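What follows is each chain in one-letter form.
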Amino acid sequence: MTFMRKIVDMLKMDEKLPINPDTQTIYFKKGRLYKVHPTDKESWYDARYLVSDRKMYDLENINDIQKIPIPDFPCLNDDDYDMMNGYGITGSLDYVIEMKAGNARRKGLIAESNELYKKAIVLMKHSGVPYPLSKYLYIAKELLREGKFKQSEKAELDICEYITGERCITDYITQNEREYYRIKYTIPEIAPKSLSGYTRMKNIKSEKFMKIVDAAKQAGIFIDLEE
């Protein structure tokens, strides 16, 4: 099939898909973005609908998110890798789904965001892009920031095992972060206003910080004074 024939076929494919003119839709072929509708949108990271290899999915519907298949990603050195576009990594389906997960969370769509992160992790692993482990673990840090400690730890262990083959606690989430958010949600009346404030207090071992250490100990929170 010639290159022009491929273009014509994709245009025909678009015409058959139901489009809401007021709702942003992003189009992918083999995991690569090739069209955004409407075209006047500034960013495609918060699109409502995804069309991936001729099938449409609602990115704010959990059932649809779970049904998104792993596409036949092109190799990084494949001639078709940037076919019809120059989006680079920002136009890769895995990257776009991860960004959508963050946007959904900011809109309060927590369950949908969780599913999008799960889907992004699977897509990232199969995309051929050499992402660092920290990129996969972003959801674990998000859960920690929200005070969902058991979910955060489980996500960290599960993701580590999925990517590396071993269940492990990483240094992507620092000891200070683990301590601070537990203090913030367990004994908020004594918690510093920010992680950076907590880190500064800890570094100089201020009198107020040592009071936090005592209160944390009574609450069952371990603080590593050597960190």
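The rules behind these values
- Residues numbered from 1 in each chain as written.
- Predicted model: local features only at pLDDT ≥ 70, side-chain atom pairs only at ≥ 80, totals over all residues.
- Heavy atoms only, no water.
- Helix = DSSP H or I, 4+ residues; strand = E, 2+ residues; numbered from the N terminus.
- Contact = heavy atoms within 4.5 Å.
- Pairing = 2+ DSSP bridges.
- Core = buried A, V, L, I, M, F, W, Y, C linked by side-chain atoms within 4.5 Å.
- Buried < 20%, exposed > 50% of the residue type's maximum accessible area, 1.4 Å probe, protein only.
- Salt bridge = Lys/Arg side-chain N within 4 Å of Asp/Glu carboxyl O.
- Polar contact = N/O pair within 3.5 Å; in protein donor to acceptor, adjacent residues only side chain to side chain.
- pLDDT = per-residue confidence, 0-100.
- Axes fitted to C-alpha atoms, helices over the stretch in contact; angles between N-to-C directions.
- Parallel < 35°, antiparallel > 145°, perpendicular 65-115°, else oblique.
- Nonpolar A, V, L, I, M, F, W, Y, C, P; charged D, E, K, R; others polar.
- Phe/Tyr/Trp six-rings, centres within 6.5 Å; stacked < 30°, edge-to-face > 60°.
- Lys NZ or Arg CZ within 6 Å of the ring centre and 35° of its normal.
- Expected span 1.5 Å × (residues − 1).

Caption draft 1: Seen up close, the side chain of Ser152. The topology assignment puts Ser152 in helix 7 (residues 149-164). With near-sequence residues (within four places) excluded, Ser152 lies in contact with Ala140, Leu143, Leu144 and Ile173.

Caption draft 2: The arrangement of the pairing of strand 2 (residues 32-37) in detail. As judged from the five bridges shared by strand 1 (residues 25-29) and strand 2, these two strands associate in the antiparallel manner. Bridge pairing links Phe28 to Leu33 in strand 2. In sequence, strand 1 turns back onto strand 2 through a hairpin of two residues, with Lys30 there showing a positive phi of about 55 degrees.

Caption draft 3: Examining the nonpolar core more closely. Ile26, Leu50, Ile97, Ile183 and Ile223 are the most contacted members of the largest nonpolar core, which totals 50 residues. Once residues lying within four places of it in the same chain are set aside, the contact partners of Ile183 are Pro188, Ala191, Tyr198, Ile212, Ala216, Ile221 and Ile223.

Caption draft 4: Inspection of the pattern of salt bridges at higher detail. Under the counting rule described, the total for this entry stands at 17 salt bridges. The residue Glu142 makes a salt bridge to Arg145 at a minimum N-O spacing of 3.9 Å. Separated by three residues within a single helix, Glu142 and Arg145 lie in helix 6 (residues 138-145), roughly one turn from each other. The buried category is assigned to Glu142, whose relative accessible area is 13%. Residue Lys148 pairs with Glu146 through a salt bridge whose shortest N-O separation is 3.1 Å. Owing to a relative accessible area of 25%, Glu146 belongs among the partly exposed residues under this scheme. Through salt bridges with shared partners, a single ionic network connects Asp46, Arg48, Asp58, Glu60, Lys100 and Lys107.

Caption draft 5: Structural detail: the side chain of Asp58. The topology assignment puts Asp58 in strand 4 (residues 55-58). With relative accessibility at 11%, the residue Asp58 sits in the buried group. Reaching out from Asp58, the side chain makes a polar contact with the side chain of Arg48 at a distance of 2.6 Å. Contact partners of Asp58, with chain neighbours within four places excluded, come to Arg48, Tyr49, Asp64 and Ile65.

Caption draft 6: Highlighting the confidence of the model for the chain. Averaged over every residue, the pLDDT of the chain is 87; residues scoring 70 or more account for 83%. Contacts from residues 3-16, a stretch scored under 50 in pLDDT, to residues over four places away or in other chains number 17 contacts.

Caption draft 7: A look at the packing of helix 9 (residues 195-204) against helix 10 (residues 207-218). Two elements in contact, helix 9 and helix 10, have axes whose closest approach is 8 Å; the angle formed by their N-to-C orientations is 100 degrees. Comparing their axes, helix 10 and helix 9 come out roughly perpendicular. The residues of helix 10 that touch helix 9, namely those facing Tyr198, Met201 and Lys202, are Lys208, Phe209 and Ile212.

Caption draft 8: Layout of the packing of helix 6 against helix 8 (residues 175-186). Their axes nearest at 9 Å, the elements helix 6 and helix 8 cross at an angle of 30 degrees. Contacts from Lys141, Leu144 and Arg145 in helix 6 reach Glu177, Arg178, Tyr181, Arg182 and Tyr185 in helix 8. Looking at the contact of helix 6 with helix 8, its residues break down into three nonpolar, no polar and five charged.

Caption draft 9: Broad picture of the packing of aromatic side chains. Counted under the stated rule, the structure contains nine aromatic pairs. Centroid distance Tyr27 to Tyr34: 6.2 Å. Interplanar angle 50 degrees. Geometry classified as tilted. Among the aromatic residues, those joined into a ring-pair cluster are Tyr180, Tyr181, Tyr198 and Phe209. Positioned above the aromatic ring of Tyr162, the side-chain terminus of Lys125 is 4.1 Å from the ring centre.

Caption draft 10: Looking closely at helix 4 (residues 110-126). The end-to-end C-alpha separation of helix 4 is 25 Å, in line with the 24 Å expected for 17 residues at 1.5 Å each. Considered for burial, the residues of helix 4 that qualify are Glu112, Ser113, Asn114, Glu115, Leu116, Tyr117, Lys119, Ala120, Ile121, Leu123 and Met124. On its buried side, helix 4 packs onto helix 2 (62-67), helix 3 (93-106), helix 5 (133-136), helix 6 and helix 7.

Caption draft 11: Here's a closer look at helix 6. For helix 6, a buried count of six out of eight residues is recorded, marking the element as mostly surrounded by other parts of the structure. Regarding helix 6, the residues found buried are Ile139, Ala140, Lys141, Glu142, Leu143 and Leu144. Close packing links the buried residues of helix 6 with helix 3, helix 4, helix 5, helix 7 and helix 8. Phi for Gly147, located one or two positions after helix 6, is positive at around 80 degrees.

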